[in-house]
Amino acid sequence: MPKMSSEAAVRSQRMTFHGPTMGTRWSVSIDAGPAVELPVLRQDLAAAVEQVDAQMSPWKPHSDLVRLNREPVDAWVPLSPEILEVLECALEVQRLSAGAFHPCVGALVDAWGFGAVRETPDAQAIRAARQSLPLAAHGCLELDKAAGRVRKHVPLQIDLCGVAKGYAVDRMADVLHQHGVQHALVALDGELRAVGPQASGMPWAVGLESPETGRRTVHSVIELEDLAVATSGDYRRYLEVGNQRLAHTMDARSGAPVNNAVASVTVLARTCMQADAWATALLVAGPDEGLAMAQRMGMDVLFLLRHARGLTEVGLGRFGNSADPFQCADRANRNR
């Protein structure tokens, strides 16, 4: 172990902060040096997360996102630089993923019972949401970042749940950098980002969850250093309607909850916002299109695919590529 890392480990103190937000919890583990003002740091971390929730929550009636959704078509709506940054990322991933990621599925989310409006699917609301959903959101939403404003060209109900948590993790990482923290691990639900290594010089060990309903077990462990990771799956948030289980992630192209052989997708990226958005996009895209997309873009991705005999693991990039991903995808589809 390098001498400097050993000395840093001796001088540092492992601390963990946590709190509630966005219907889940955030946590930050840091190896803090003596100069870090811990009470102020904790306050700033909590404030950063709460600001993102106040801006981008589809549940809070006074959030910036809800205000944007309520504004009439063609009206310029002033928004913060933060939500403009997230909207820009969402539109770019929507374009690059050919609509697998779609930031305008808010009406579908509500219609299927996952939003603030109802708790069970409503057939009439589903039909209306499908008919009103534009295929390409980037042609219907105009961003003017220089002036700090947005306008809709058609009625839209924007939902940023597929990217906002990742952005909140990035905001907490920014706070850590501002306080001079060089060794930390930030987590919010299934999104994590490492700020540097541990003070010992070792990377942070992060467990990837096995996609099992009703229990939490570790599928594998990865090591992070100055890197973010996000996982999307169909096994945590869902509704049971009769004998059918409906996942909470919407496929805008079918107008229904995602339904394919992908149990979970884990993505590595430099920012957690990008990792979060792409994990959602690849989950929706499915085993064939999603694997092809990830391979074409040179992404670091781990797919867990369901089939009759269990799970097939397909890793691309840093997760390894020991098997032909398209062969695995075809086999998973045949055994569904």
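What you see is a predicted model; the values in this text were computed from it and never measured.

## Thoughts on the nonpolar core
Membership of the largest hydrophobic core comes to 91 residues, with the highest contact counts inside it found for Ile30, Leu160, Leu176, Leu282 and Phe303. The dominant element in this core, judged by the number of residues it contributes, is helix α8 (residues 272-296), at 14 residues. Dropping the residues within four chain positions of it, Leu282 is found in contact with Val265, Val267, Gly290, Met293, Ala294, Met299, Val301 and Phe303. Core analysis: the second largest hydrophobic core is formed by 14 residues, Ala194, Val206, Val229 and Phe319 among them.

## Some remarks on helix α2 (residues 38-56)
For α2, with 19 residues, the first-to-last C-alpha span of 27 Å sits near the 27 Å given by 1.5 Å per residue. Those residues of α2 that sit buried are Leu38, Leu41, Leu45, Ala46, Ala48, Val49, Val52, Asp53, Gln55 and Met56.

## Overview of the sheet that holds strand β3 (residues 77-78)
Ordered by their spatial adjacency, three strands build an open sheet running β3-β5-β4, and the pairing between neighbours is antiparallel. Looking at which strands have only one partner, the edges of the open sheet turn out to be β3 and β4 (141-144). Summarising the sheet, β4 and strand β5 (residues 149-152) pair through four bridges and their orientation is antiparallel. Residue pairing in the sheet places Glu142 in a bridge with Arg151 of β5. Set on the sheet, helix α4 (residues 81-96) makes contact with β4 and β5; between it and β4 the angle comes to about 135°.

## Some thoughts on the confidence of the model for the protein
Regions with low pLDDT carry predicted coordinates that are not meant to be interpreted in detail. Taken as a whole, the protein shows an average pLDDT of 87; of its residues, 86% reach a score of 70 or greater. Under a pLDDT of 50 for its full length, residues 322-336 has, in the predicted model, 33 contacts with residues more than four places off or in other chains.

## Regarding the pattern of salt bridges
Inspection of every chain in the model, using the stated rule, returns twelve salt bridges. The salt bridge partner of Asp53 is Lys60, with a shortest N-O separation of 3.1 Å. For Asp53, a relative accessible area of 9% translates into the label buried. Of the charged contacts, one joins Arg253 and Glu289 as a salt bridge, the two residues approaching to 2.9 Å between their closest N and O atoms. Here the residue Arg253 occupies a position in the loop between β13 (250-251) and β14 (256-257), and Glu289 occupies one in helix α8, the gap between them amounting to 36 residues. Residue Glu289 is classed as partly exposed on the basis of its relative accessible area, which comes to 31%. Here the residues in one salt-bridge network are Asp251, Arg253 and Glu289, joined through shared partners.

How each quantity is defined
- Residues numbered from 1 in each chain as written.
- Predicted model: local features only at pLDDT ≥ 70, side-chain atom pairs only at ≥ 80, totals over all residues.
- Heavy atoms only, no water.
- Core = buried A, V, L, I, M, F, W, Y, C linked by side-chain atoms within 4.5 Å.
- Buried < 20%, exposed > 50% of the residue type's maximum accessible area, 1.4 Å probe, protein only.
- Helix = DSSP H or I, 4+ residues; strand = E, 2+ residues; numbered from the N terminus.
- Contact = heavy atoms within 4.5 Å.
- Expected span 1.5 Å × (residues − 1).
- Pairing = 2+ DSSP bridges.
- Axes fitted to C-alpha atoms, helices over the stretch in contact; angles between N-to-C directions.
- pLDDT = per-residue confidence, 0-100.
- Salt bridge = Lys/Arg side-chain N within 4 Å of Asp/Glu carboxyl O.

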